[in-house]
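# Breakdown of the fold
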Amino acid sequence: MNQEPQPGRFGQFGGRYVPETLVPALEELAAEFELAWSDPEFRSTFESLSRDYVGRPTPLTEANRLSESTGLQVSVKREDLCHTGAHKINNALGQCLLAQRMGKKRIIAETGAGQHGVATATVCALFGLECEVYMGEEDCARQELNVFRMKLLGAKVVPVRSGTKTLKDALNEAMRDWVTNVRSTHYVIGTAAGPHPYPHMVREFQSVIGSETRTQYQERHGRLPDVGIACVGGGSNAIGFFHAFLGDDVRLIGVEAGGLGLPTGHHAAPLSAGSPGVLHGSYSYMMQDDDGQVLPTHSVSAGLDYPGVGAEHSYLKDTARVEYVVATDEEALAAFRRVAELEGLIPAFETAHAFAALWQAGLLQPGSRVVVNMSGRGDKDMERASRLLGL
Ligand SMILES: *Cc1c(COP(=O)(O)O)cnc(C)c1O
């Protein structure tokens, strides 16, 4: 049967579960995005800033010592070399360009570890846009350096004191701000989650990761890789990396935060151990109790410490096109150290979860050609790492 796919839905997932006042704004945003994305002038501005400001294309690095030590053939896509040190700026740049085009001069964002806040504050400085970033009070204390960075970049950081004082509360607060100020304000969501059009739009802005990788791999190896691996928080680096390969015979593996281990309940793995429900405006896998209340999460990595996940990942899980596994805090830390020693690459704690898959027993066929998406660099995690590793 030739069914018209429903906009904003990935199978049964996605949608727009928001207060009525936001519906017109989301409709406008969806329409403006489609217009912009098919406008050669917008695309050309996005591409030239991606090249000259962000530093794209990022390299694809052959990880020879890592390959030798794992018995695999590992390449690494270097999103850590993007300006500000992670993939998040691809999305912040795209959304701020769109906001400018829509005549919105005020930008709001939510942030957990502060990486998305920094990326957004950076692009706002570049464009001269007003920027306010909501951040849980707990996270502000844990990520002082990023709070300072945002302030230095001219952004206002608003500490959020409700709930667990972390990312999900910052998201709620940013939504509330948007409801009130929707005429003047664009809300830059930092991952491929939230109500339509965010999961679709963020994927498009991040899909440059996979399309570059596909071309680079093919040029160098004359074929496609066997496997692509990325870590999954809200899912933006993973969906941006996977998207170009969905139609290929390439195995795709998303790695969630296993925290202290799935049986302990202390993790952030909604796809592996959650169930479908509505969170932050979208129907998707999430961590919830029997009453539908959001469960607390745990991960060594602040960027993966989120109880929800983008709707497209839920669809890709249920259709079995992508496999989702977990790496525990301990596995991620071990991988973090090994990658540093073997390759001179210090990954972000988030990214270390993706690398950890290389050592998981029985997961990968010996000799497989694997590309790991290095979503970000680990500078922000040095203090934590030195304490945890006791070096
Ligand atoms: C924020 C972040 C992530 C997690 O977010 P996604 O939307 O799942 O990509 C992963 N890696 C790094 C380096 C991050 O900063």
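Preceding this paragraph is the structure being described.
These notes cover the structure that comes with them. What you see is a predicted model, and the numbers here were worked out from it, not measured in a lab. (Residues numbered from 1 in each chain as written. Predicted model: local features only at pLDDT ≥ 70, side-chain atom pairs only at ≥ 80, totals over all residues. Heavy atoms only, no water.)

### Considerations on the nonpolar core
Rules: In these notes, a set of buried Ala, Val, Leu, Ile, Met, Phe, Trp, Tyr and Cys residues joined through side-chain atoms within 4.5 Å is what counts as a nonpolar core. Whether a residue is buried, partly exposed or exposed follows from its accessible area with a 1.4 Å probe, protein chains only, as a fraction of its type maximum: under 20%, in between, or over 50%, in that order. Put simply, DSSP H or I for four residues or longer makes a helix, DSSP E for two residues or longer makes a strand, and each gets a number counted from the N terminus. Whether two residues are in contact is decided by their heavy atoms: any pair within 4.5 Å suffices.
W178 and Y187 are the most contacted members of the largest nonpolar core, which totals 57 residues. When residues in this core are grouped by element, the largest group, seven residues, is from helix 4 (residues 88-101). With near-sequence residues (within four places) excluded, Y187 lies in contact with Q95, I108, A109, E110, L171, A174, M175, W178 and Y198. Core analysis: the second largest hydrophobic core is formed by 29 residues, L72, V339, L363 and M374 among them.

### Digging into the sheet that holds strand 6 (residues 130-136)
Let me state the cut-off plainly: At least two bridges found by DSSP between two strands are what make those strands a pair. All axes are obtained by fitting lines to C-alpha atoms, using only the stretch in contact for helices, and the reported angles, taken between N-to-C directions, cover 0 to 180 degrees.
On the basis of which strands lie adjacent, the open sheet formed by four strands has the order 7-6-5-8 and parallel pairing. Strands at the two margins of the open sheet, each flanked by one partner only, are strand 7 (156-160) and strand 8 (185-188). Between one strand axis and the next, the sheet turns by 25° as a mean value, whatever way the strands run. One ladder, built from six bridges, connects strand 5 (residues 106-111) with strand 6; its direction is parallel.

### Digging into the site of the ligand
The test is simple: Any residue with at least one heavy atom within 4 Å of a molecule or strand is counted as near it. Any pair of nitrogen or oxygen atoms within 3.5 Å is treated as a polar contact; in protein, a donor-acceptor pairing is required on top of that, and neighbouring residues in sequence qualify only through side-chain atoms on both sides. In short, Shrake-Rupley with a 1.4 Å probe defines the accessible areas, and a residue's cover is counted only from the protein chains shown.
Surveying the vicinity of the ligand reveals 17 residues, the closest of which are K88, T191, G235, S236 and S375. The separation between an oxygen atom of the ligand and a polar main-chain atom of G233 is 2.8 Å. The separation between a nitrogen atom of the ligand and a polar side-chain atom of S375 is 2.7 Å. For the ligand, the protein covers 97% of the area, taking 380 Å² as the surface of the free molecule.

### Considerations on the side chain of D169
Here D169 shows up in helix 8 (residues 167-181). At a separation of 2.9 Å, a polar atom in the side chain of D169 contacts the main-chain amide nitrogen of T166. Ignoring any residue separated from it by four or fewer positions in sequence, one finds D169 in contact with V160, S162, G163 and T164.

### Remarks on the sheet that holds strand 10 (residues 251-259)
Reading across from one edge, 3-4-14-9-10-13 is the order of the six strands in this open sheet, with mixed pairing throughout. Where the open sheet ends on each side, the last strands, each with one partner, are strand 3 (60-62) and strand 13 (322-328). Within the sheet, the average angular offset between the axes of one strand and its neighbour, ignoring direction, is 25°. Sheet topology places strand 4 (residues 73-78) next to strand 14 (residues 369-374); six bridges connect them, and they run parallel.

### Considering the pairing of strand 5
Walk down a regular strand and you will see the side chains alternate between the two sheet faces. We apply this condition: By convention, a crossover is right-handed whenever its connection, traced from the first strand over the helix to the second and viewed with the strands pointing away, goes clockwise.
Burial runs high along strand 5: six of the six residues are buried. Taking every second residue as pointing to the same face, both faces of strand 5 are buried, with R106, I108 and E110 on one and I107, A109 and T111 on the other. Following the chain from strand 5 across helix 5 (residues 115-127) to the adjacent parallel strand 6, one finds a crossover that is right-handed.

### Here we look at the packing of aromatic side chains
As a reminder of what qualifies: Stacked, edge-to-face and tilted labels apply to pairs of Phe, Tyr and Trp rings (six-membered ring for Trp) whose centres lie within 6.5 Å, assigned for plane angles under 30 degrees, over 60, and everything in between, in that order. Geometrically, a charge over a ring is one whose NZ (Lys) or CZ (Arg) sits within 6 Å of the ring centre while staying within 35 degrees of the ring normal.
For the structure on display, the rule yields 14 aromatic pairs. Ring centres of F33 and W37 lie 5.6 Å apart, and the angle between their planes is 25°; this geometry places the pair in the stacked category. A residue pair is termed a helical-turn pair when its members lie 3 or 4 positions apart in one helix, as F33 and W37 do in helix 1 (residues 23-37) at four residues. Residue classification places F33 among the buried residues on the basis of a relative accessible area of 0%. Classification of W37 as buried rests on a relative accessible area of 12%. Geometrically, the ring pair formed by W37 and F42 is edge-to-face, given 6.5 Å between the ring centres and 70° between the ring planes. Of the two residues, W37 and F42, neither departs from the other in class, the shared state being buried. A connected cluster of aromatic rings, assembled from ring pairs, spans F33, W37, F42, F46 and F205. Over the face of the ring belonging to W37 we find R43, whose NZ or CZ atom lies 3.8 Å from the ring centre. Across from the ring centre of Y285, 5.4 Å away, lies the NZ or CZ of K317, which sits over that ring.

### What to know about helix 13 (residues 311-318)
Listing the buried residues of helix 13 in full gives A311, E312, H313, S314 and L316. Phi turns positive one or two residues past the end of helix 13, at A320, with a value near 65°.

### Examining empty space enclosed by the protein
Note the following rule: Only protein atoms enter the 1 Å grid, on which a cavity is a set of points fitting a 1.4 Å probe that cannot get out and a pocket is an open set with protein on both sides within 12 Å along at least 5 of 7 lines, lining residues being those with an atom within 4 Å of a point. Grid points are joined across faces, edges and corners, and a volume is the space filled by probe spheres set on the points. By the convention adopted, Pro, Cys, Tyr, Trp, Phe, Met, Ile, Leu, Val and Ala count as nonpolar, Lys, Arg, Asp and Glu as charged, and the other residues, Gly among them, as polar.
Per the stated rule, a full pass over the model turns up four cavities of 30 Å³ or more. Estimated volume of the largest cavity: approximately 430 Å³. In terms of lining residues, the largest cavity is bounded by 33 residues, among which K88, G190, T191, G234 and G303 are the most central. Elements supplying a minimum of two residues to the lining of the largest cavity: strand 5, helix 5, helix 8 and helix 11 (236-242). Split into classes, the residues belonging to the lining of the largest cavity amount to eleven nonpolar, 18 polar and four charged.

Don't take any of this as a statement about function, it's just geometry.
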